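Survey of secondary and tertiary structure
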Amino acid sequence: AVMLSIVPGLGHIYKGYRLIGLLLIFFGTPMAVSLVLLIATGTAGFGFFLLPVYWIAVMVHVWAIPDRVVTAPEDEGEQY
């Protein structure tokens with residue numbers, strides 16, 4: 001899921017959080033990019049360092065949330 005978050009939102013969709021993932025894809029990322037461009041204009045380009053911060057925050061969030069996708073009981077393997 002973290003590797004899928006190279007595109008912010010795909011990791012959330014993979015883990016079962018479809019609404020959050022779609023909101024990140026269609027609203028969160030474009031808004032973050034536009035804010036970074038606005039901030040970079042006023043700070044001589046230093047605002048571009050905020051985009052990796054957003055990207056890493058999305059990856060940490062998808063790593064920290066529990067999975068909503070539940071495995072079937074017959075797929076759990078052998079019980080000892």
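Residues numbered from 1 in each chain as written. Predicted model: local features only at pLDDT ≥ 70, side-chain atom pairs only at ≥ 80, totals over all residues. Heavy atoms only, no water.

1. Some thoughts on the overall build of the protein chain
Across its full length, the protein chain holds three helices and zero strands. Reading the helices (α) and strands (β) of the protein chain from amino to carboxyl end gives α-α-α. Buried residues in the protein chain amount to 25% of all 80 residues. At a minimum sequence separation of 6, the contacts of the protein chain that also span at least 24 residues come to 52%. If you sum the accessible surface of the protein chain, you get close to 6,000 Å²; carbon and sulfur atoms cover 75% of it. (Helix = DSSP H or I, 4+ residues; strand = E, 2+ residues; numbered from the N terminus. Buried < 20%, exposed > 50% of the residue type's maximum accessible area, 1.4 Å probe, protein only. Contact = heavy atoms within 4.5 Å. Areas by Shrake-Rupley, 256 points an atom, 1.4 Å probe, with all protein chains shown as cover.)

2. Considering the pattern of salt bridges
Applying the stated rule across the entire model yields one salt bridge. Lys15 serves as the salt-bridge partner of Asp67, at 3.4 Å between the closest nitrogen and oxygen. Here Asp67 is found in the segment after α3 (50–64), whereas its partner Lys15 is found in the loop between α1 (10–14) and α2 (18–42), with 52 residues between them in sequence. (Salt bridge = Lys/Arg side-chain N within 4 Å of Asp/Glu carboxyl O.)

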